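Remarks on the overall topology
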Amino acid sequence: MAIPEDQIAELKDAFPGILGAEEAGIPYFLIPQLGMPNGVTPAAVDVLLCPMADRHGYPSRLFFAQQVQSKKSLNWNTNGVRILERNWFAYSWKINQPGLRPMQILALHLKALQ
Amino acid sequence: MTTCRIPRSIAQEMRDDLTRPHAFAAERIGFAFTRSSRSVDGRSTWILVTGYDPVLDDEYIDDPTVGARINSSAIRRVMQRVITTGEGAFHVHIHEHEGEPGLSYVDREELRPLMQSIRNASPTSDHGILLLSQDSARMEVLSPGTTSFKCASHISVIGYPMGLLCHEESRHHDEERFSRQSFLGEDSEERISTYRIGIVGLGGGGSHIAQQLAHIGFVHLALFDSDCVEASNLNRLVGATAADARKGTAKADIAARVIKGINPKAKIDVVKKRWQDDPDRLKACDLIFGCVDGFAERRDLEVVARRYLIPYVDIGLDVHQSGDEPPRMAGQIILSMPGGPCLTCIGFLTETKLIREAERYGVAGPRPQVVWANGILASTAVGVGIDLLTDWTRSLRGPVYLSYDSNTGEIQPHKRLAYLSSGPCPHFPFSQLGDPVFKPL
């Protein structure tokens, strides 16, 4: 499923350094050193946004280059999954996303940290 | 060490093009395009062929002093492609004889400078020369930041069957050892001694595979498992003892011990961690047997195998029971060949299965497993692997998806094979080989 151009442009506007790549038929967006919500350490970390059903059974996923610490206890059930030749970490977080844009999906995943 | 892997479809396309007669040129020329990857320690390079472009008939210059000379338009096209895509380019031609080919004086004097100039246009990629013969090949590689060409040590053709065009001399000949399996083919011993086989997961299935590969005579084996043996593994894990279960011996160490007992000359790479934490050792394999739990784990293994043009043989077993019916035990053996249908294409991996697994947080749990069913699946997988590597049946020419019904003892081609669509796998195009390419949006 192709992501509409205007939704990609929205990501690009928000994150000028964002990069795109595809693996196993799934699109990913790499956002280098994304600023984390207040209270999260480290304050910035590379993230990989998968805005559609990923290859691990989630409707969308936000992967982190490392586990981040937040006040909220999260279920980091993906540790070192290899995507696009890099190991990534993710907490289990499902969002009801029909019709949501990638920016909204990203925001909802980050909300889990708050 | 530099390894080049060429998909069989592209190798065939090259050969078909290069052996066509031309109106005046004595030989034909083409360009292979590649993507590369380097190991973290910088000692290994993988060059993966993504495509081939023939030089067009009208791009040859009539020059009887050389086998073939091409004009600037052909070279411009190559330069344009490497600049646009970031791929490497290799000048390809063929010397129509058997055995290892060598560059002629003209080849050395003209092709190396040509490829240096292409490197100037795209300095961060590997470029060079690929010279084919009827049954062998030579690849000279000009790597980024270097000034001299170096030869690839391994060149293999990936497909049905596997081809070995160039490899380091094997020093493991043992005619007596191979005497009962010489029917596998004249060069089977050489192949078996040369290929590096990876086994991921050394439990019920993988331990059988390790043992059998050692008996067959494989020398280069990479064993991946981060687990240690427990008492509950003793019902099926070949080579494990009660003492191992008490001590918590690593499963990979047990497999290595079994292999060494059968073949002391084996060179075993024991990886007692997740393959994801040391992927270069997996990328170096010529064939991977996956004996893992869970669908997502299978997908992850297939992804890396596809990216590096490595055939992947998957085995799995499950037991189901509903109501008062007797338990049903069933399994599968699948060969996922780069370029061909993947686990998703053949309908084995589905979104529904992945979602269900994720809902259980990916934990497969203590699945029922038994030694005889593991053994049957493992033996069948080894048979598929040996056929692929030696082509002894001369009949393995397409996807393998076998289903095993342990209750009836039947193994048969899965019915989904009949409904496979032809054409390349849409999930793993050759353009995505090697290191991933991130593009600015």
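Residues numbered from 1 in each chain as written. Chains lettered and ligands numbered in written order. Predicted model: local features only at pLDDT ≥ 70, side-chain atom pairs only at ≥ 80, totals over all residues.

Re the overall build of chain B
What counts here: Helix and strand definitions here come from DSSP, where helices need a minimum of 4 consecutive H or I residues and strands a minimum of 2 consecutive E residues; each element is numbered from the N-terminal end. Only the C-alpha atoms count toward the radius of gyration. The rule for a globule is 2.2 Å times the residue count to the power 0.38.
In terms of helices and strands, chain B carries 12 helices and 20 strands. Its C-alpha radius of gyration of 23 Å places chain B within 12% of the 22 Å reference for a compact globule of 441 residues.

Description of the interface of chain B and chain A
So the rule is basically this: Distance between backbone-placed C-beta atoms decides contact: two residues are in contact if it is within 7 Å. Any residue that is not Ala, Val, Leu, Ile, Met, Phe, Trp, Tyr, Cys, Pro, Asp, Glu, Lys or Arg is counted as polar, Gly included; the first ten are nonpolar and the last four charged. Should DSSP find at least two bridges between two strands, the strands are regarded as paired.
Opposite the 27 residues of chain B that make contact, chain A presents 25 residues. Those elements that place two or more of their residues in the side of chain B that touches chain A are helix H10 (295–307), helix H11 (351–359) and strand E20 (439–440) of chain B. Split into classes, the residues belonging to the side of chain B that touches chain A amount to 15 nonpolar, four polar and eight charged. One ladder, built from two bridges, connects strand E1 (residues 19–23) of chain A with E20 of chain B; its direction is antiparallel.

Some thoughts on the packing of helix H6 (residues 204–216) of chain B against helix H12 (residues 371–390) of chain B
Residues and elements named next belong to chain B. Convention followed: Here an angle of 0 to 180 degrees is reported between the N-to-C directions of two axes, which are lines fitted to C-alpha atoms, with helices fitted over the stretch in contact. These descriptions rest on fixed angle ranges, namely under 35 degrees for roughly parallel, over 145 for roughly antiparallel, 65 to 115 for roughly perpendicular, and the rest for oblique. Helix crossings fall into two classes, left-handed where the near helix is turned counterclockwise from the far one by less than a right angle and right-handed where it is turned clockwise.
Between H6 and H12, whose axes approach to 8 Å, the crossing angle comes to 45°. As judged from the angle between their axes, H6 and H12 are oblique. Taken as a pair, H6 and H12 cross one another with a handedness that is right-handed. Where H6 abuts H12, its residues Gly204, Gly205, His208, Ile209, Gln212, Leu213 and Ile216 lie against Val371, Asn374, Gly375, Leu377, Ala378, Ser379, Ala381, Val382 and Ile386.

Observations concerning the sheet that holds strand E14 (residues 267–271) of chain B
Residues and elements named next belong to chain B. If you walk across this open sheet you meet the eight strands as E14-E13-E12-E15-E16-E17-E18-E19, and the pairing is mixed. Whereas interior strands pair on both sides, the edge strands pair on one side only; in this sheet they are E14 and strand E19 (410–413). The average angle at which neighbouring strand axes cross in this sheet is 15°, direction not considered. When strand E15 (residues 287–290) meets strand E16 (residues 312–320), the two strands line up parallel, connected through three bridges. Looking across to E16, one finds that Ile288 is bridged to Tyr312. With respect to the sheet, helix H8 (residues 251–262) is in contact with strand E13 (220–224) and E14, its orientation differing from that of E14 by roughly 170°.

What about the domain arrangement of chain B?
Residue and element names in this part refer to chain B. This is how it is decided: Domain extents, as shown, originate in an automatic or database domain assignment.
Along its sequence, chain B is carved into domain 1 (2–166) and domain 2 (175–432). Averaged C-alpha coordinates put domain 1 and domain 2 at centres separated by 34 Å. At the junction of the two partners, domain 1 supplies 18 residues and domain 2 supplies 20 residues. Residue assignment for the side of domain 1 that touches domain 2 shows that the elements contributing at least two residues are strand E1 (2–7), strand E3 (45–54) and strand E10 (154–158). It is E3 that contributes the most residues to the side of domain 1 that touches domain 2, four residues altogether. Classifying every residue of the side of domain 1 that touches domain 2 gives nine nonpolar, eight polar and one charged.

Describing the environment of Arg81 of chain B
All names here are of chain B. Take Arg81: it is sitting in helix H2 (residues 72–85). Separated by 345 residues in sequence, Arg81 and Pro426 place their C-alpha atoms 22 Å apart. Non-local contacts of Arg81, meaning those with residues more than four positions away in its chain, are made with Phe33 and Glu87.

Examining the pairing of strand E11 (residues 163–166) of chain B
Within a regular strand, the side chains alternate between the two sheet faces. Residue and element names in this part refer to chain B. As paired elements, E10 and E11 share three bridges and run antiparallel to each other. Note on E11: the bridge partner recorded for Val157 is Gly163. Taking the residues between adjacent antiparallel strands as the criterion, E10 and E11 are bridged by four residues.

A few points about H2 of chain B
All names here are of chain B. Note the following rule: The span one expects for a helix is its residue count, reduced by one, times 1.5 Å. Neighbour density around each residue's C-beta defines its exposure: 20 or more other C-beta atoms within 10 Å make it buried, 12 or fewer make it exposed, and counts between make it partly exposed, where C-beta atoms are placed from the backbone. This arc is built from the directions going out from the helix axis to the C-beta atoms.
With 14 residues, H2 should reach 20 Å at 1.5 Å per residue; the first-to-last C-alpha distance of 20 Å fits that figure. The set of residues buried in H2 consists of Ala74, Val78 and Val82. Buried residues of H2 fall within an arc of 65° about the axis and therefore sit on the same side. Residues of H2 that are exposed and point more than 90 degrees away from the buried face comprise Ser72, Ser73, Arg76, Gln80 and Thr84. Buried residues along H2 sit in contact with strand E2 (30–38), strand E5 (69–70), strand E6 (88–94) and helix H3 (105–121). Looking one or two residues beyond H2, the residue adopting positive phi is Gly86, at roughly 80°.

Side note on the confidence of the model for chain B
Put simply, the test is: A residue's pLDDT is the predictor's confidence in that residue, given on a scale from 0 to 100.
When pLDDT is averaged along chain B, the result is 94, and 98% of the positions lie at 70 or above. What the predictor reports for the complex is a pTM of 0.96 with an ipTM of 0.94.

Some thoughts on the environment of Ala11 of chain B
Residue and element names in this part refer to chain B. With respect to the secondary-structure elements, Ala11 resides in helix H1 (residues 8–18). Among the residues examined, Ala11 registers 22 C-beta atoms within 10 Å and is labelled buried. Along the backbone, Ala11 and Val82 are 71 residues apart, and their C-alpha atoms lie at a distance of 20 Å. Residues contacting Ala11, with those up to four places away along its chain left out, are Ile6 and Val157.

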